[in-house]
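Read off the chains here:
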Amino acid sequence: MKFLFLSLFIHIGGFAYSQTVPVDSLKADSLHPEVVKKTQSRSYNINKQYDFGDLTRNILHPHKKADTLHHGSGITVVPNIAANPTIGAQIGIKAVAGKKLGTDPSTLLSVGATSASITSKGIIYFYLNHNIFTNANKWNFQGSLVVSKTVTPDYGVGIGRDLSTTNDLAKILEDPTHKVYTIHSYFFQVREKAYKEVSKGLFLGAGLSFDVRKDIQNKDSTGHSTPSGVYNTQHGLPQDHYSADGFLFNVEYTTRDNPNRAYKGIYFDAGFRINQTWIGSTKNAVQFTTDIRKYVSLSEENPETVLAFWNWGSYLLSGTIPYLELPGTARDGTFRSGRGYTTQYFKGTEFNDTEAEFRFPILANKFISGVAFGNLQTGNDEQGTKIFQVFQPGYGAGLRVLFNKATRTNLALDYAFGRFGNKGFFLNLNEAF
């Protein structure tokens, strides 16, 4: 019954398609220190919060009292209901776990997730990923395993600039009419990075990533008269397969208090990806990537009231990137950037996305919260447009449902708008960043 009720609840949310003023500083300083400490502790007391487990207990066992002596389980198992313009509607099963490993109080939360799902657009997807911190954060291990049958909408290369060229191939590669092509393929990924803490919050890391595409088919094409066909021909890439296998070298700095839903802190990761043919890559390439996030809590009484900022970028320094590996919309590590557009609606060899989000509780028990967000994307093309020359906006708002207060896992329901008629409902677990 719990499973059925959970499914019903999420389906109701899916069918819909998808403040508290800060404490006065003078007054706060006038309070007795013990009162201030008590107020701050209450703000983070999860026993004062209400999540989906509490809702289920109250409906199925209305006379059973909440267990306030424990923080609850760090594991959330739910139907993997999701939706966005890229995948359509999705159904599957998903498990998300969070736990602090070790006894040192400074140890950051380790998280992991796995899921198997199928979508209305024929996508079959399985993944297993982790972000693990050992005791006292001496080591951080990040990795993923992906096996999938994918269906990728393709709108060509570029950032949506109107072309003045008469070159037919250029018009196909960067289509000003935004015609959509459909690319079918099988995708396999194995990625692992190991970071060593060299100073408090500062990590140096290295790893490997193997990304393989097989049986690539463009169902809407004849010959090579599609953006991917033109790109592959111009860059000497096979039309039906490729491998992007490379070494990863990164520096990471983090002070955020929770990776699922941060109230405060900074996250920074920058590094090089070096694809090499001698380890199996179809082409050599060197890319530089950055991921910068900042969280500012606006209230001591309600620390969930947050201004969050995110900048993600990827830049080709040399070599050739396969077409479906080009950085673009929603091509960050969690595929959540650029809400308002389908995955890779914009793309290029250089790409940058900047986002801001205001998060605020709606109910006093934190069960329902809200967000408002906006983003700007920019990239280059192969027709003379440079990165940071043209920007495309996206914006929207959404609701959050607290699923697991122990790990701050929540259900995110967003509706977003973009240019060129783009809009859609985005449903996922946890924040976009």
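Structural data are supplied above this passage.
So, here is what we can say about the structure in this document.

Definitions and limits used
Residues numbered from 1 in each chain as written. Predicted model: local features only at pLDDT ≥ 70, side-chain atom pairs only at ≥ 80, totals over all residues. Heavy atoms only, no water. Helix = DSSP H or I, 4+ residues; strand = E, 2+ residues; numbered from the N terminus. Buried < 20%, exposed > 50% of the residue type's maximum accessible area, 1.4 Å probe, protein only. Areas by Shrake-Rupley, 256 points an atom, 1.4 Å probe, with all protein chains shown as cover. Patch = residues over 30% accessible without salt bridge, like charges linked within 9 Å, V, L, I, M, F, W, Y side chains within 5 Å. Salt bridge = Lys/Arg side-chain N within 4 Å of Asp/Glu carboxyl O. Phe/Tyr/Trp six-rings, centres within 6.5 Å; stacked < 30°, edge-to-face > 60°. Lys NZ or Arg CZ within 6 Å of the ring centre and 35° of its normal. Polar contact = N/O pair within 3.5 Å; in protein donor to acceptor, adjacent residues only side chain to side chain. Pairing = 2+ DSSP bridges. Core = buried A, V, L, I, M, F, W, Y, C linked by side-chain atoms within 4.5 Å. 1 Å grid on protein atoms, 1.4 Å probe; cavity = no way out; pocket = protein on both sides within 12 Å on 5 of 7 lines; lining within 4 Å. Points joined across faces, edges and corners; volume = space filled by probe spheres on them. Nonpolar A, V, L, I, M, F, W, Y, C, P; charged D, E, K, R; others polar. Contact = heavy atoms within 4.5 Å.

Turning next to the overall build of the protein chain. Counting its secondary structure elements, the protein chain contains six helices and 17 strands. Counting the 433 residues in the protein chain, one finds 50% classified as buried. As presented, the protein chain carries roughly 20000 Å² of accessible surface, and 62% of it is formed by carbon and sulfur atoms.

Turning next to a nonpolar patch on the surface. On the surface, a cluster of nonpolar side chains totalling about 690 Å² of accessible area is made up of Phe-126, Leu-128, Leu-145, Val-147, Tyr-186, Phe-188, Val-190, Leu-208 and Phe-210. No other element matches the three residues that strand E7 (residues 181–199) contributes to the nonpolar patch. Along the polypeptide, Leu-128 turns up in strand E5 (residues 124–133). The exposure class assigned to Leu-128 is partly exposed, which follows from its relative accessible area of 43%.

The next subject is unusual backbone geometry. With the exception of glycine, the majority of residues adopt a negative phi angle, and the majority of peptide bonds are in the trans configuration. Despite not being glycine, Asp-215 shows a phi value in the positive range, around 50°. Following the sequence through the fold, Asp-215 ends up in strand E8 (residues 202–218). Although it is not a glycine, Asn-430 adopts a positive phi angle of roughly 75°. Tracing the sequence through the fold places Asn-430 in the segment after strand E17 (423–429). Judged by relative accessible area, which is 10%, Asn-430 ranks as buried.

Both the distance between ring centres and the angle between the ring planes are used here to describe each pair of aromatic rings. Summed over all chains, the structure comprises 18 aromatic pairs. Cluster of aromatic residues (ring-pair linked, three or more members): Tyr-155, Tyr-341, Tyr-345, Phe-346 and Phe-420. Above the plane of the ring of Phe-373 lies Arg-339, whose end atom (NZ or CZ) is 3.8 Å from the centre. The side chain of Arg-408 reaches across the aromatic face of Tyr-263, ending 3.7 Å from its centre.

To continue, consider the side chain of Arg-339. Within the fold, Arg-339 resides in the loop between strand E12 (306–319) and strand E13 (350–361). On the basis of relative accessible area, Arg-339 is assigned to the buried category, the value being 4%. Here Glu-357 takes part through its side chain, which lies 2.9 Å from a polar atom of the side chain of Arg-339.

Let us look at the pattern of salt bridges. Evaluated as defined, the whole model comprises 16 salt bridges. Residue Glu-355 pairs with Arg-339 through a salt bridge whose shortest N-O separation is 3.4 Å. One end of the pair, Glu-355, is in strand E13; the other, Arg-339, is in the loop between E12 and E13, with 16 residues separating them in the sequence. Taking relative accessible area as the criterion, Glu-355 reaches 2% and is therefore assigned buried. Because the salt bridges share partners, they merge into one network encompassing Arg-339, Glu-355, Glu-357, Arg-359, Arg-400, Asp-414 and Glu-431.

Here we take up the pairing of strand E14 (residues 368–379). Most of E14 is tucked away, with nine of its 12 residues classed as buried. In the sheet, E13 pairs with E14 via 11 bridges, with the strands oriented antiparallel. For Glu-357, the partnering residue across the bridge sits in E14 and is Phe-373. For E14 and strand E15 (residues 392–404), the ladder comprises 10 bridges, and the chain directions are antiparallel. Among the inter-strand pairings, Gln-377 is bridged to a residue of E15, identified as Gln-392.

The biggest cluster of nonpolar side chains holds 17 residues, and the ones touching the most others in it are Phe-367, Val-401, Phe-403, Leu-411, Leu-413, Leu-427 and Leu-429. Looking at this core, the elements that each hand over two or more residues are E15, strand E16 (409–418) and E17. If one sorts the elements of this core by residue count, E17 sits on top with three residues.

Moving on, we get to empty space enclosed by the protein. Space inside the second largest cavity adds up to approximately 80 Å³. Along its surface, the second largest cavity is lined by Leu-108, Leu-109, Asn-131, Phe-133, Gln-142, Glu-252, Thr-254, Arg-256, Pro-259 and Tyr-267. Of all the elements in the fold, those that place two or more residues in the lining of the second largest cavity are E5 and strand E9 (242–254). Partitioned by chemical class, the residues of the lining of the second largest cavity number five nonpolar, three polar and two charged.

A word on helix H6 (residues 227–235). Within the span of H6, buried status applies to Pro-227, Ser-228, Gly-229, Val-230, Tyr-231 and Asn-232. Residues of H6 that are buried make contact with strand E6 (139–154), helix H5 (168–173), E7 and E8.

With that settled, consider the pairing of E15. If a strand is regular, its side chains alternate between the two faces of the sheet. Two elements, E15 and E16, share 10 bridges in a ladder whose sense is antiparallel. Of the residues in E16, the one forming a bridge with Gly-394 is Gly-418.

Such coordinate-based values are descriptive only and should not be taken to indicate function.
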